[in-house]
Amino acid sequence: MSKLNERKVAVVGCGFVGSASAFALMESGLFSEMVLIDVNKDKAEGEALDISHGLPFAKPMSIYAGDYKDAEDAAVVVVTAGAGQKPGETRLDLVKKNVGIFKSIIPEITKYNKDGILLIVANPVDILTSVAAKLSGFPENRVFGSGTVLDTARFKYLLGEHLDVDSRSVHAFIIGEHGDSEIAAWSSANVSGIPIHDFCEMRGHFEHEKSMKRIADDVKNSAYGIIEKKGATYYGIAMSVRRICEAIIRDEKSILPISSIQHGDFGIDGVALSMPAIVGRNGVEGSVPIKLNADEIAALQESGNTLKKVLDEAF
Ligand SMILES: NC(=O)c1ccc[n+]([C@@H]2O[C@H](COP(=O)([O-])OP(=O)(O)OC[C@H]3O[C@@H](n4cnc5c(N)ncnc54)[C@H](O)[C@@H]3O)[C@@H](O)[C@H]2O)c1
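Residues numbered from 1 in each chain as written. Predicted model: local features only at pLDDT ≥ 70, side-chain atom pairs only at ≥ 80, totals over all residues. Heavy atoms only, no water.

### Re the packing of aromatic side chains
Applicable threshold: Each aromatic pair joins two rings of Phe, Tyr and Trp (for Trp, the six-membered one) with centres within 6.5 Å, and gets the label stacked for planes under 30 degrees apart, edge-to-face for over 60, and tilted for any other angle. Secondary structure elements follow DSSP: runs of H or I of four or more residues count as helices, runs of E of two or more count as strands, with numbering from the N terminus. Each residue gets one of three labels from its accessible area relative to the maximum for its type: buried under 20%, exposed over 50%, partly exposed in between, using a 1.4 Å probe on protein chains only. By definition, being over a ring means that NZ of Lys or CZ of Arg is both within 6 Å of the ring centre and within 35 degrees of the ring normal.
Evaluation of the coordinates by the stated rule reveals three aromatic pairs. With 5.1 Å between their ring centres and 10 degrees between their planes, F16 and Y234 make a pair best called stacked. Remark: Y234 occurs in the loop between α7 (208-230) and α8 (235-249) and F16 occurs in helix α1 (residues 16-28); sequence separation between them is 218 residues. Their ring planes at 80 degrees and their centres at 5.0 Å tell us that F155 and W186 sit as a pair that is edge-to-face. With F155 in helix α5 (residues 149-163) and W186 in the loop between β9 (183-184) and β10 (190-191), this pair connects stretches of sequence that are 31 residues apart. Classification of F155 as buried rests on a relative accessible area of 0%. Taken together, the aromatic side chains of F16, Y234 and Y235 make up a single cluster linked through ring pairs. We note R142 situated over the ring of F138; from NZ or CZ to the ring centre the distance is 4.6 Å. The cationic tip of K230 hangs over the ring face of Y234; the distance from NZ or CZ to the ring centre is 3.9 Å.

And the structure:
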């Protein structure tokens, strides 16, 4: 780790997601150096300049467009490069296109950077996390995806709205694939320790089945809805990237539903998907196998099987 600059981040891919993440990271004050890398050098340079012009209102740092060599000492490399979802396209449709892009960029990153953490954001994020782990040869704790951190934020936000309570007091996870087979882990959901159904009733909501279905569907479909209206999603994921980097750089050991390669929990093996995990300076520092009911376990296994099939076909 000694070769790394603990205050340096690299962002690969400076489209909607990369540039919004870079902006959120600038505002966070976590880093004093940030290199932006994109096959479109002008785009990286333009974003670096634009974001730098906010620095007099934030904390000093150096932000510049660069090449993979400039990422050699970055503590975290955030990978957002890839094609985005088109209206009507599923995340899994993107797989072939983005696996091809990863085959070119991951070896470029690891040629120079041997000790950093690879934070994968491009979609389909679970498949690309598995692919990045294989291509990089990094220990698995140092290669993980943003997974369902964003979906979980959407879940908490919607539950907060439904219950008229601060979303930060809601403890609930979306697990599995970041995509169509994701699972709302209702059986462990609570608001500050109060089981979710009890809290719902305290707030005057009694139609649990109907509300659960509506909220889980809204979480699952929110990316499609946003893409339909504005072409891409980027602010929510940018805040998720910032939150994950914060857990890493501050060695917080926070529990976040990042996507990492599974090794047997709930019978899932050899594929990356999201389960709550402890995230700190060493990356993924442990899994947190929350209690699930039989239906949730079956759905999680189904999600794992779906991902495994796609991974086997794509890589
Ligand atoms: N994980 C999540 O929760 C989440 C959320 C939103 C979007 N995404 C994903 O993030 C990715 C980026 O989305 P976007 O909206 O920013 O797309 P975008 O098209 O705006 O940006 C992609 C960028 O990647 C660059 N790029 C392409 N190939 C490259 C290469 N070989 N090397 C370096 N740069 C390259 C492009 O020039 C472009 O600037 C997509 O895969 C999208 O689905 C993930």
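### Description of the sheet that holds strand β15 (residues 277-280)
Put simply, the rule is: Two strands are counted as paired when DSSP detects at least two bridges linking them. Helix axes use the C-alpha atoms of the stretch in contact, all axes being lines fitted to C-alpha atoms, and the angles between their N-to-C directions lie in the range 0 to 180 degrees. Contact between two residues is taken to exist if any of their heavy atoms lie within 4.5 Å; hydrogens are not considered.
Reading across the sheet, the three strands line up as β12-β15-β16 and stay open at both edges, with antiparallel pairing between neighbours. Two strands close off the open sheet at either side, each with one partner strand: β12 (254-256) and β16 (283-287). Between one strand axis and the next, the sheet turns by 40 degrees as a mean value, whatever way the strands run. Judged from the three bridges that link them, β12 and β15 form a sheet pairing that is antiparallel. Following the sheet pairing, L256 is matched in β15 by A277. With respect to the sheet, α8 is in contact with β12 and β15, its orientation differing from that of β12 by roughly 145 degrees.

### So, the pattern of salt bridges
Condition: A carboxyl oxygen of Asp or Glu within 4 Å of a side-chain nitrogen of Lys or Arg is what we treat as a salt bridge.
Applying the stated rule across the entire model yields 15 salt bridges. Salt-bridge contacts for D115 lead to K3; the nearest nitrogen and oxygen are separated by 3.0 Å. Taken together, the residues span a long stretch of sequence, with D115 in the loop between α3 (95-112) and β5 (117-120) and K3 in the segment before β1 (5-12) at a distance of 112 residues. The exposure class of K3 is exposed, given its relative accessible area of 59%. The salt bridge partner of K253 is D251, with a shortest N-O separation of 3.0 Å. K253 gets classed as partly exposed once you look at its relative accessible area, which sits at 43%. You can call D251 partly exposed: its relative accessible area is 34%. If you follow the salt bridges from partner to partner, you end up with R243, E246, R250 and E252 in one network.

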